[in-house]
Amino acid sequence: MKKTVPPARLLAEALRGLSWLACLAFLVMWPFSYGFYTSFGIDMDRDQEGSRVRSHHRLRWPGDGSFWMGGEAFWLPDSEPVDPFDLGGAFFQAPRRPKQRSEWNKVGFWLFRGEHPKPTVPVQAATYARSFWVGVPSWLPPLLLGFWPVRRWVRHRRLGNSPESR
């Protein structure tokens, strides 16, 4: 007799698999996060008030052993071409270590928030607009992402039945 698997269980298994995949990706990046700058994400441009706004949304390893997630935006002249969506990235470049401002920064925790006033219109050159970055030690994402799948695997091994046997 063929068993049917409930949709909620299929979704949970898919999420668990994605969690494993993300955990492995962060695990690979962990040792590289101490010596290389790596960044990837999405760049988006839009027209706004007589100029262009270019925003970058990124996952970033600056080279100091931390992992950052966030984004930044820039005011650009109206003459700049609009590229509504673009994948962006830089892989294994020279580190771009930020200046540490606290004890939290030394262990890998960061928080940057910046808001700059809009320049006069028309904008003549690229000008910083705003940014928001949250950073954690690069060992923390693989630990958190791997906890759920590993906990289930250990629990099933302890009970003597593997997930494959069901």
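Residues numbered from 1 in each chain as written. Predicted model: local features only at pLDDT ≥ 70, side-chain atom pairs only at ≥ 80, totals over all residues. Heavy atoms only, no water.

Draft legend 1. Just the overall build of the protein chain, in detail. In terms of regular secondary structure, the protein chain is built from 3 helices and 6 strands. Along the protein chain, helices (α) and strands (β) appear in the sequence α-β-β-β-β-α-β-β-α when read from the amino end. The C-alpha atoms of the protein chain give a radius of gyration of 21 Å, which is well past the 15 Å a tight globule of 166 residues would have. In terms of overall dimensions, the protein chain has a C-alpha envelope of 70 × 40 × 25 Å along the principal axes. The burial tally for the protein chain puts 33% of its 166 residues in the buried class. Restricting the contact set of the protein chain to residue pairs at least 6 apart, pairs at least 24 apart contribute 68%. Here the protein chain displays about 11,000 Å² of accessible surface, and carbon together with sulfur accounts for 66% of that area. For the protein chain, the separation between the mean place of its 23 positive charges and that of its 14 negative charges on side chains is 15 Å. (Helix = DSSP H or I, 4+ residues; strand = E, 2+ residues; numbered from the N terminus. Rg over C-alpha atoms; globule rule 2.2 N^0.38 Å. Buried < 20%, exposed > 50% of the residue type's maximum accessible area, 1.4 Å probe, protein only. Contact = heavy atoms within 4.5 Å. Areas by Shrake-Rupley, 256 points an atom, 1.4 Å probe, with all protein chains shown as cover. Lys, Arg positive; Asp, Glu negative; His and termini not counted. Charge placed at Lys NZ, Arg CZ, Asp CG, Glu CD.)

Draft legend 2. Here's a closer look at unusual backbone geometry. In the Ramachandran plot, Phe92 falls in the positive-phi region, its phi being about 55° despite a non-glycine side chain. Secondary-structure assignment places Phe92 in strand E4 (residues 86-93). Using a relative accessible area of 40% as the deciding quantity, one classes Phe92 as partly exposed.

Draft legend 3. Highlighting the confidence of the model for the protein chain. Across the protein chain, the average pLDDT comes to 85, with 93% of residues at 70 or higher. Mean pLDDT across the secondary structure elements of the protein chain bottoms out at helix H3 (residues 140-159), with 79, and peaks at helix H2 (residues 103-107), with 93. (pLDDT = per-residue confidence, 0-100.)

Draft legend 4. Structural detail: the side chain of Arg60. Take Arg60: it is sitting in strand E2 (residues 51-61). A distance of 3.1 Å separates polar atoms of two side chains, one belonging to Arg60 and the other to Tyr37. Leaving out residues up to four positions away in the same chain, Arg60 has contacts with Tyr37, Thr38, Ser39, Ser66, Phe67, Trp68, Glu72 and Trp133. (Polar contact = N/O pair within 3.5 Å; in protein donor to acceptor, adjacent residues only side chain to side chain.)

Draft legend 5. Expanded view of the side chain of Ser39. Tracing the chain through its elements places Ser39 in strand E1 (residues 37-48). By relative accessible area, which is 2% here, Ser39 ends up buried. A distance of 3.2 Å separates polar atoms of two side chains, one belonging to Ser39 and the other to Arg58. Each residue touching Ser39, except ones within four places of it in the same chain, is listed here: Arg58, Leu59, Arg60, Gly88, Gly89, Ala90 and Phe91.

Draft legend 6. Molecular detail of the packing of aromatic side chains. What the rule picks out here adds up to 13 aromatic pairs. Seen from their ring centres, Phe26 and Phe67 are 4.9 Å apart, and the 85° between their planes marks the pair as edge-to-face. Here Phe26, found in helix H1 (residues 7-32), pairs with Phe67, found in strand E3 (residues 66-76); they are 41 residues apart in sequence, far enough to count as distant. Relative to Phe91, the ring of Phe40 has its centre 6.4 Å away and its plane inclined at 20°; by these criteria the two rings are stacked. Of this pair, Phe40 sits in strand E1 while Phe91 sits in strand E4, placing them 51 residues apart in sequence. Positioned above the aromatic ring of Tyr37 is the side chain of Arg96, whose terminal nitrogen or guanidinium carbon lies 3.9 Å from the ring centre. (Phe/Tyr/Trp six-rings, centres within 6.5 Å; stacked < 30°, edge-to-face > 60°. Lys NZ or Arg CZ within 6 Å of the ring centre and 35° of its normal.)

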